[in-house]
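Structure assessment
Each chain, written out:
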Amino acid sequence: MIDVTIEDDVATVVLNAPAKLNSLDEQALRDLGRAYDEADAAGVRALVLRGEGRAFCAGRDISAVDPRDDDVIGYLGGLVTPLLQRMSRFPAPTFAVAHGACLGVGLGLLIATDVVYVAESAKIGSPFAALGATLDSGGHALFVERLGAHKTLDLIYTGRLMSGAEAVASGLFSRVLPDDEALQTTTDAAATAARGATAAFLASKQLVARIRDERLALWDSIEVENAAQAALCDTDDYREGFAAFQEKRKPEFRGR
């Protein structure tokens, strides 16, 4: 079950199937995509993704899957990958708070989110060798980029799970927080972003994606930055930011 609420320009999307550690079947993936569509249509200026219960998301719901006729390509290529792309391109800052199991598709949801805060209780890795399966949903790319090949294969071969603190120390995610502070800190960060210059945030989000995906070199990235800055000159927020600075007051951004 996927819940979505919208308040004060912030959407909160909740994976709400705690009895199965928020694992995702085909219908849940479709519902999650619709939740992002709803938030987009509402014009929110920030989004928070979280899981209900003891875990963020334990991955794919395989409780009713028969491995003899499992349509892996249909599930991963037809549902998961398009959803992750949709999430990563969401036109506003996105935040996730992760606790407990963050595995498989659950890890992919985090990879597709702009800023990820993890609780100390988070468990991140690749325990799928026990199923005769491998890491999916972008996990290989994240681990190789941040951990290197040797540590990546160590995690995969051994099935060892990293704690939230280890994952952050390894550069996987933004920051680690005590379990009882993680959700509030994340919602506060999203609320602050929603009141900020979200047009400029979106420009940075797009630039970061291009640097990552296109492997832009320094001078190429500077050219893209220059173009983004020039485009922002035509926004209300840019003019408001300059006016507020010159008038020595706090800016009132509108996200446009």
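Since this is a predicted model, take the numbers as computed values, not measurements.

Section: the pattern of salt bridges
Overall, the coordinates contain 15 salt bridges when judged by the stated rule. Aspartate 61 is paired through a salt bridge with lysine 20; the nearest N and O atoms lie 2.9 Å apart. With aspartate 61 in the loop between β3 (46–51) and α2 (72–88) and lysine 20 in the loop between β2 (10–15) and α1 (26–41), the pair connects residues that are 41 residues apart, well separated along the chain. Here lysine 20 falls in the partly exposed class, since its relative accessible area comes to 34%. Connected via shared salt-bridge partners are Lys20, Asp25 and Asp61.

Digging into the sheet that holds strand β5 (residues 101–103)
Ordered by their spatial adjacency, three strands build an open sheet running β5-β7-β8, and the pairing between neighbours is mixed. Because the sheet does not close on itself, it has two edges, and the strands there are β5 and β8 (161–163). Looking at each pair of strands side by side, their axes are set apart by 30 degrees on average, direction ignored. Sheet analysis places β5 next to strand β7 (residues 123–125), joined by three bridges and oriented parallel. Bridging from a neighbouring strand, leucine 103 pairs with glycine 125 of β7.

Some points on the pairing of strand β6 (residues 115–119)
Most of β6 sits out of view: four of its five residues are buried. Pairing geometry for strand β4 (residues 94–98) and β6, over four bridges, is parallel. For alanine 96, the partnering residue across the bridge sits in β6 and is valine 116. For β6 and strand β9 (residues 175–177), the ladder comprises three bridges, and the chain directions are parallel. Considered in β9, the bridge of alanine 119 is made with leucine 177.

Criteria and thresholds
- Along each chain, the written sequence defines residue order, and numbers are assigned to residues from 1.
- Side-chain atom pairs in this predicted model are given and counted only at pLDDT of 80 or more, local residue features only at pLDDT of at least 70, and totals for whole chains, interfaces and linings cover all residues.
- Side-chain measures here rest on the full set of heavy atoms in the structure, leaving out hydrogens and waters.
- Here, a salt bridge means any Lys or Arg side-chain nitrogen found within 4 Å of an Asp or Glu carboxyl oxygen.
- A run of H or I in DSSP counts as a helix once it spans at least four residues, and a run of E counts as a strand once it spans at least two, with each numbered from the N terminus.
- Partly exposed residues are those whose accessible area sits between 20% and 50% of the maximum for their type, while under 20% is buried and over 50% is exposed, using a 1.4 Å probe and protein chains only.
- When DSSP locates at least two bridges between a pair of strands, those strands are taken to pair.
- What counts as an axis is a line fitted to C-alpha atoms, over the stretch in contact for a helix, and the angles between N-to-C directions run from 0 to 180 degrees.

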